[in-house]
Amino acid sequence: MIDARRLRYFVAVAEEQHFSRAAERLGISQPPLTEHVRALEHELGTSLFQRTTRSVTLTEDGQNFLPHARRILADIDRCAEVIRDARWKKMRTLRVGMLHAYAYTFLPKLLSTWARTAPDIRLSLLEHATQDQTATVLAGEVDIAFVREPVQDPMLTVQRLFSEPYWIALPERWEIAAQRKISLEHLNGRRMIGFPSHHASGSTRALFRDVFIKHKVKTADFLQVKTMHAALALVAAEQGFCPVPQSQCDLKLYGVKYRPFAEVIPQLSVGIAYRHAMQDDIARGFIDFCVGYFQNK
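Cut-offs applied
- Residues numbered from 1 in each chain as written.
- Predicted model: local features only at pLDDT ≥ 70, side-chain atom pairs only at ≥ 80, totals over all residues.
- Heavy atoms only, no water.
- Buried < 20%, exposed > 50% of the residue type's maximum accessible area, 1.4 Å probe, protein only.
- Helix = DSSP H or I, 4+ residues; strand = E, 2+ residues; numbered from the N terminus.
- Arc of directions from axis to C-beta.
- Contact = heavy atoms within 4.5 Å.
- Axes fitted to C-alpha atoms, helices over the stretch in contact; angles between N-to-C directions.
- Parallel < 35°, antiparallel > 145°, perpendicular 65-115°, else oblique.
- Left-handed = near helix turned anticlockwise from the far one by under 90°.
- Nonpolar A, V, L, I, M, F, W, Y, C, P; charged D, E, K, R; others polar.
- Phe/Tyr/Trp six-rings, centres within 6.5 Å; stacked < 30°, edge-to-face > 60°.
- Lys NZ or Arg CZ within 6 Å of the ring centre and 35° of its normal.
- Salt bridge = Lys/Arg side-chain N within 4 Å of Asp/Glu carboxyl O.

**Remarks on helix α5 (residues 107-117)**
Right, on to step 1. Those residues of α5 not exposed but buried are Leu107, Leu110, Leu111 and Trp114. Looking down the long axis of α5, one finds its buried residues gathered within 90° of arc, a one-sided arrangement. In this structure, α5 carries Lys109 and Arg116 as exposed residues pointing more than 90 degrees from its buried face.

In structure tokens, the structure reads:
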């Protein structure tokens, strides 16, 4: 019986037309590759390659054998896919909605920890902007969604997970970036960059409006973007400052400094939203896991 590994080696050499490049592609050294190809030729009783000091080309037998080798390898790979597909079909799926920013703050560690407790459950993630966070749940596109509060919808229940303070992202070239904490008065006359929300009261502009009025701060302008990525890119370009959740400060970007506020600032609460009628035991188990996860942090 012909060794499938030797077939893969043969195909790699045939496609690369070079033993060294084929060995690099396969992640092995050249001597064992040459040995396996020669062993295959011995099994077949024919030479598959014409070798010179500068080139490797297929013989007529090699050219005839190549399409059969590719077809055999494709069938072998398909066998593995059939098994994987059957296994996936048996697994139940939890569909989770998430904001873009959560993908590089708390979510990776949370999902990694949960996945070890539920190895037989497949996870599906749907990214959405803040203004769409409740719509995806109500439309049935996801089972649950990580959301920024407040969420006021009679069709949804929200389980709060944690709250965190806002910090400020500002251009590192601004003179105030050298300070340990940023006082609101230093933001007077500067442009603010913020985000919309699913509800007008939840936008960063609305959250900070009362704070600015209280401290007699008037920003020069307000620029609204859809994602944290866009906001921080504008901060790096010295287009303004942006209030960000404290956990966001783990994302280090060129030209951006993160600092806490000197004054008491509104906090951001994160929860899991789901429809009142939701009866999925996997989703409820995941919610319970998340509550315990953040209680123990």
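**Some remarks on the environment of leucine 138**
Right, on to step 1. Within the secondary structure layout, leucine 138 lies in helix α6 (residues 133-138).
Right, on to step 2. C-alpha separation for the pair leucine 138 and methionine 155, spaced 17 residues apart in sequence, amounts to 7.6 Å.
Right, on to step 3. Other than its neighbours up to four places away in sequence, leucine 138 contacts Asp153, Met155 and Leu156.

**A short note on helix α7 (residues 204-214)**
Right, on to step 1. Residues of α7 that are buried: Thr204, Ala206, Phe208, Val211 and Phe212.
Right, on to step 2. Where α7 is buried, its residues meet β6 (156-171), β7 (191-194), β8 (221-224) and β9 (242-245).
Right, on to step 3. Phi for lysine 216, located one or two positions after α7, is positive at around 55°.

**A look at the packing of helix α1 (residues 4-16) against helix α2 (residues 19-26)**
Packed helix pairs are specified by the crossing angle of their axes together with the interaxial distance, meaning the distance between the axes.
Right, on to step 1. Following both chains from N to C, one finds α1 and α2 inclined at 125°, their axes separated by 8 Å at the closest point. Here α1 lies oblique to α2, going by the angle between them. Relative to α2, the crossing made by α1 is right-handed. Residues Tyr9, Ala12, Val13, Glu15 and Glu16 of α1 lie in contact with α2, whose contacting residues are Phe19, Arg21, Ala22, Arg25 and Leu26.
Right, on to step 2. Of the residues belonging to the contact of α1 with α2, the class tally is six nonpolar, no polar and four charged.

**What about the packing of aromatic side chains?**
Right, on to step 1. If you walk through the whole model with that rule in mind, you get 15 aromatic pairs.
Right, on to step 2. On the basis of an interplanar angle of 80° and a centroid distance of 6.1 Å, the ring pair of phenylalanine 146 and phenylalanine 286 is categorised as edge-to-face. Residue phenylalanine 146 is found in strand β5 (residues 144-148), and its partner phenylalanine 286 is found in helix α9 (residues 281-295); the two are separated by 140 residues along the sequence. For the pair phenylalanine 146 and phenylalanine 286, one class covers both residues: buried.
Right, on to step 3. Between tyrosine 293 and phenylalanine 294, the aromatic rings sit 5.0 Å apart at their centres with planes inclined by 85°, giving edge-to-face as the arrangement. Side by side, tyrosine 293 and phenylalanine 294 carry an identical accessibility label, which is buried.
Right, on to step 4. Site record: aromatic cluster; members linked through ring pairs are Tyr102, Phe106, Trp114, Phe146, Phe162, Phe286, Phe289, Tyr293 and Phe294.
Right, on to step 5. Geometry around phenylalanine 195 places arginine 148 over its ring, the cationic atom sitting 5.9 Å from the centre.
Right, on to step 6. Seen from the ring of tryptophan 174, arginine 190 lies directly overhead, with NZ or CZ sitting 4.5 Å from the centre.

**Here we look at the pattern of salt bridges**
Right, on to step 1. Applying the stated criterion across every chain yields a total of 13 salt bridges.
Right, on to step 2. Two residues, arginine 70 and glutamate 15, come together in a salt bridge whose shortest N-O distance is 3.1 Å. Residue arginine 70 is found in helix α4 (residues 60-90), and its partner glutamate 15 is found in helix α1; the two are separated by 55 residues along the sequence.
Right, on to step 3. With relative accessibility at 40%, the residue arginine 70 sits in the partly exposed group.
Right, on to step 4. For glutamate 16, the salt bridge is made with arginine 21, and the minimal N-O distance between the two is 3.8 Å.
Right, on to step 5. Overlapping salt bridges bring together Glu15, Glu16, Arg21, Arg25 and Arg70 as one network.

**With respect to the packing of α2 against helix α3 (residues 30-44)**
Right, on to step 1. Across the interface, α2 lies against α3 with an axial gap of 9 Å and an inter-helix angle of 105°. The angle between the axes of α2 and α3 places the two elements in the roughly perpendicular class. Along the contact surface, α2 presents Phe19, Ser20, Ala22, Ala23 and Leu26, while α3 presents Gln30, Leu33, Thr34 and Val37.
Right, on to step 2. Across the contact of α2 with α3, the residue classes tally to six nonpolar, three polar and no charged.

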